[in-house]
Amino acid sequence: MITEAVGVACEEVGHVYDGTGGALAALDGVTFRARPAEFVCIVGPSGCGKSTLLRLIAGLLRPTAGSILFQGGTSGATPRNALVFQEHGVFPWMTVLDNVAFGLEMQGVSRTDRLERAHAFIERVGLATFEGRYPHELSVGMRQRVGIARAFVADVPILLMDEPFGSLDAQTKWVLQEELLRIWREDRKLVLFVTHDIEEAVRLGDRVLVMTGRPGSIREVLDIPFARPRDRDRDADASLAYTKRIWDLLEDEVRTGLLVTG
Amino acid sequence: MTAPSRTTPSARTGNGRWPAWVATAALLAAWEAGSRAGLLSQLFLPAPSLVLSTLMDSFRDGEMGAHLGATLLRWAPGLAFGAVPGLLLGLAMGSLPRLRRAADPLVSAVHPLPKIALLPLVMIMFGIGEASRIIIVGIAVFFPMLLNTMAGVMQVSPLYLEVAENYGARLLTRFTRVVLPASLPMILTGLRLAANVALLLTITVEIVMAETGLGALVWLSWEVLRTELLYATLVVISVLGLAINGGLKLLTRSLVPWQPHLAEA
């Protein structure tokens, strides 16, 4: 199935939460563009509004300033998209198969059709023998595969990933990063990938958006020029330089943030 | 291939229970021996064998069966009468913060009241009869059902709702596909509490104002000092309680297969 390519442009996007403890500015003047089928990683200090930015683009929140425009797709409306959270986003009361088919179910795809498509994707992520199991019977890494499969099967042009590998151990994380890149190569869509892990951002992204502390805005955009498919060994030395550079941009704010919130 | 791994844990728990069986058997044997030797008063501690034969006789002549039936015919309607509104209002209060804020003070005020204290009031309103007995059971059941359901709905992770909304689920779909299943474990826990409260209140009401039912039989046994019948009735009440809890555990296991430990609690 071919998904319509969609790009996104944020213009001076700001968001202020109206909480009980007064207004809290999460984002201020965020401007960037992302091309269709591009893989963009977003890093920034804790509480810089990365997750807010994803929810704004997902249409779950409305910006209080600026605008978010989508190129391609249906003009005006937020195009279909899928958020991927940490593995907690997988429904514990549904089997693996029903979880993966959920997005299609919401789109009104017939039962036989959606189960067939879900089944095919479950095989692609190596979970075929676990199709009838519930999430509590799976490892954390397997659960996250379910979350990723659910998002890809929904066949949406934009994937919004909110620290999806944040709770995985280092080895599982490496494996799932490889898998995500492989699936994305076969099934290209615009991916906005929020992460705490600078190395992960450099390893996965075509570009890395580095954000400032709260209220978050874009501090710098780095192109990561490594050829695809990415090769961990080949890119190792150059990655280190990019990782160092991003850390230099973030270090001060991360340290201040620790003093303030910790 | 799975058979051995399935039988091993249950065999282990079976083995782990033998001290309890031995202890119970030893106690009963000592009791029986003490009774026959005349060391124990027949008024306080009639021999287990006498209790057993009384129990069998009371079922044979239909007396116990009739009382058990009367108790069940108050327990079940009372449970339904209280649990269904409790469930519905709990779902509503859990989902609607405004309704919750409006109704919470009233609920908090009435909930801690021992419901049996409301019996005179209920009798004034509904008369001295079957309706009052069932209504008082229903009132007692209503609260644990309401509070558990409300808590169940309130603890649904907003993340699940966000995921469902993100995939395009409308409000009603989010309710049926996320809120209901996610709060089901707490709802079933509430139902188990409610079923036990219902039994407690049914027996209590029967002791206070009824000629039939296991509670009435308990009282009758005391009035005529038939201690062996009193014990036999207590055995029936205890087995009834075990059966109710066992049934609800089975229900929980089949409705919430994703939380296997819930049914064991």
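Check the entry above for the structure.
Only a predicted model underlies this, so the values are computations on that prediction, with no experimental measurement involved. (Residues numbered from 1 in each chain as written. Chains lettered and ligands numbered in written order. Predicted model: local features only at pLDDT ≥ 70, side-chain atom pairs only at ≥ 80, totals over all residues. Heavy atoms only, no water.)

Peer 1: Hey, could you go over the overall build of chain B for me, with residue numbers and the actual values?
Peer 2: Within chain B one finds eleven helices and zero strands. Helices and strands appear in chain B in the N-to-C order α-α-α-α-α-α-α-α-α-α-α. Taken over the C-alpha trace, chain B has a radius of gyration of 23 Å; the compact-globule value for 265 residues is 18 Å, which it surpasses by more than 25%. Overall size of chain B, expressed as C-alpha extent along the three principal axes, is 75 × 65 × 30 Å. Expressed as a percentage of the 265 residues in chain B, the buried residues total 41%. For chain B, the share of sequence-separated contacts (at least 6 apart) that also reach a separation of at least 24 residues comes to 70%. For chain B, the exposed area adds up to about 14,400 Å²; of that, 73% sits on carbon and sulfur atoms. Taken as two groups, the 18 positive and 13 negative side-chain charges of chain B have centres that lie 14 Å from each other. (Helix = DSSP H or I, 4+ residues; strand = E, 2+ residues; numbered from the N terminus. Rg over C-alpha atoms; globule rule 2.2 N^0.38 Å. Buried < 20%, exposed > 50% of the residue type's maximum accessible area, 1.4 Å probe, protein only. Contact = heavy atoms within 4.5 Å. Areas by Shrake-Rupley, 256 points an atom, 1.4 Å probe, with all protein chains shown as cover. Lys, Arg positive; Asp, Glu negative; His and termini not counted. Charge placed at Lys NZ, Arg CZ, Asp CG, Glu CD.)

Peer 1: Please provide a residue-by-residue account of the sheet that holds strand E8 (residues 207-211) of chain A, values included.
Peer 2: Residues and elements named next belong to chain A. Read from one edge of the open sheet, six strands run E5-E6-E7-E3-E8-E9, paired in mixed fashion. The open sheet terminates on both sides in strands that have one partner only, identified here as strand E5 (81-84) and strand E9 (218-223). Between one strand axis and the next, the sheet turns by 15 degrees as a mean value, whatever way the strands run. Here strand E6 (residues 158-162) runs beside strand E7 (residues 190-194); their pairing, made up of five bridges, is parallel. (Pairing = 2+ DSSP bridges. Axes fitted to C-alpha atoms, helices over the stretch in contact; angles between N-to-C directions.)

Peer 1: With reference to specific residues and values, describe the nonpolar core.
Peer 2: Among the nonpolar cores identified, the biggest contains 137 residues, and Phe 32, Ile 57 and Leu 192 of chain A are the most heavily contacted of them. Here this core gets 14 residues from one element, more than from any other, and that element is helix H9 (residues 171-209) of chain B. In this structure, Leu 192 of chain A is in contact with Val 8, Phe 32, Ala 34, Val 40, Leu 54, Ile 57, Leu 159, Leu 160 and Met 161 of chain A, ignoring residues within four places of it in sequence. Within the second largest apolar cluster, seven residues are counted, among which are Ala 103, Val 107, Phe 143 and Met 150 of chain B. (Core = buried A, V, L, I, M, F, W, Y, C linked by side-chain atoms within 4.5 Å.)

Peer 1: Which residues make up unusual backbone geometry, and what values do they have?
Peer 2: Glycine aside, a negative phi is what most residues show, and trans is what most peptide bonds show. Residue and element names in this part refer to chain A. Backbone torsion omega between Arg 214 and Pro 215 reads -10 degrees, so that peptide bond is classified as cis. Looking along the chain, the bond that leaves Arg 228 and enters Pro 229 is cis, with omega of 0 degrees. Position of Pro 229 relative to the elements: it lies in the loop between E9 and helix H7 (232-261). Unlike most non-glycine residues, Ala 37 shows phi in positive territory, near 65 degrees.

Peer 1: Before we move on, could you go through the pairing of E6 of chain A and cite the residues and values that matter?
Peer 2: Residues and elements named next belong to chain A. In terms of burial, E6 is a largely internal element, five of the five residues being buried. Strand direction decides the pairing type here: E5 and E6, joined by four bridges, are parallel. Opposite Asn 81, over in E6, you have Ile 158 as the bridge partner.

Peer 1: Explain the pattern of salt bridges to me, using residue names and the numbers behind them.
Peer 2: Applying the stated criterion to the full structure yields 24 salt bridges over all chains. A salt bridge links Glu 186 of chain A to Arg 124 of chain A; the shortest N-O distance between them is 2.7 Å. Of this pair, Glu 186 of chain A sits in helix H5 (residues 170-186) while Arg 124 of chain A sits in helix H3 (residues 111-124), and the two are 62 residues apart along the sequence. Where Arg 133 of chain B meets Glu 130 of chain B, a salt bridge forms, and the shortest distance between an N and an O atom there is 2.5 Å. Residue Arg 133 of chain B and its partner Glu 130 of chain B are both found in helix H7 (residues 130-154); the two are separated by three residues, about one turn of the helix. Residue class for Arg 133 of chain B comes out buried when judged on its relative accessible area of 10%. By sharing partners, the salt bridges in this structure join Arg 74, Glu 130, Arg 133 and Glu 206 of chain B into a single network. (Salt bridge = Lys/Arg side-chain N within 4 Å of Asp/Glu carboxyl O.)

Peer 1: Which residues make up the interface of chain B and chain A, and what are the values?
Peer 2: Contacts between chain B and chain A engage 17 residues on the former and 23 residues on the latter. Roughly 1,900 Å² is buried in total at the junction of chain B and chain A, and carbon and sulfur atoms are behind 66% of that figure. Of the charged contacts, one joins Glu 162 of chain B and Arg 55 of chain A as a salt bridge, the two residues approaching to 2.6 Å between their closest N and O atoms. Where chain B touches chain A, the interface holds seven residue pairs in polar contact (both at pLDDT 80 or more). Where the side of chain B that touches chain A is concerned, the elements lending two or more residues are helix H8 (158-166) and H9 of chain B. Counting residues per element, the side of chain B that touches chain A draws most heavily on H8 of chain B, at seven residues. Split by residue class, the side of chain B that touches chain A holds twelve nonpolar, two polar and three charged. (Buried area = accessible area lost by both parts, 1.4 Å probe. Polar contact = N/O pair within 3.5 Å; in protein donor to acceptor, adjacent residues only side chain to side chain. Nonpolar A, V, L, I, M, F, W, Y, C, P; charged D, E, K, R; others polar.)

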